[in-house]
Amino acid sequence: MKIQLNGSAIDTHARTLTELLHERQIDAGCIASAVNGQFVPRSQYDAQPLTEGCELEVLAPMQGG
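Every value quoted in this text rests on a predicted model; they were computed, and no experiment measured them.

(A) Local environment of the pairing of strand 5 (residues 55–59). Side chains L56 and V58 project from strand 5 onto a buried face, and the interleaved E55, E57 and L59 project onto a face without burial. Here strand 1 (residues 2–5) runs beside strand 5; their pairing, made up of 2 bridges, is parallel. Paired with Q4 across the two strands is E55, which belongs to strand 5. Judged from the 4 bridges that link them, strand 3 (residues 32–35) and strand 5 form a sheet pairing that is antiparallel. From the neighbouring strand, V35 faces strand 5, where its bridge partner is L56.

(B) Here's a closer look at the pattern of salt bridges. Under the counting rule described, the total for this entry stands at 2 salt bridges. The salt bridge partner of K2 is D11, with a shortest N-O separation of 3.2 Å. Take K2: its relative accessible area is 49%, and that puts it in the partly exposed class. E23 is paired through a salt bridge with R24; the nearest N and O atoms lie 4.0 Å apart. Judged by its relative accessible area of 35%, E23 is partly exposed. Given a relative accessible area of 35%, R24 falls into the partly exposed group.

(C) Structural context of the side chain of S33. The residue S33 is located in strand 3 in this model. Only 3.3 Å separates the side chain of S33 from the side chain of Y45, close enough to count as a polar contact. The contact partners of S33, leaving out residues within four places of it in the chain, are L17, Q38, F39, V40, Y45, L56, E57 and V58.

The rules behind each value
- Residues numbered from 1 in each chain as written.
- Predicted model: local features only at pLDDT ≥ 70, side-chain atom pairs only at ≥ 80, totals over all residues.
- Heavy atoms only, no water.
- Buried < 20%, exposed > 50% of the residue type's maximum accessible area, 1.4 Å probe, protein only.
- Helix = DSSP H or I, 4+ residues; strand = E, 2+ residues; numbered from the N terminus.
- Pairing = 2+ DSSP bridges.
- Salt bridge = Lys/Arg side-chain N within 4 Å of Asp/Glu carboxyl O.
- Polar contact = N/O pair within 3.5 Å; in protein donor to acceptor, adjacent residues only side chain to side chain.
- Contact = heavy atoms within 4.5 Å.

Here's what the structure looks like:
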């Protein structure tokens, strides 16, 4: 299926947010995620379905000052 990941179109076989993070080798413990503009709590990654055309943002916290 085709989805948007951080503004780029990708193809994936993942059906949940957890599966996508594993597929893309992204450490779920170090990121924040939103699907279609809605924040997804880390505790919900396993249950968060991905659907054709959804827009996923995966952000890593940055330190600065």
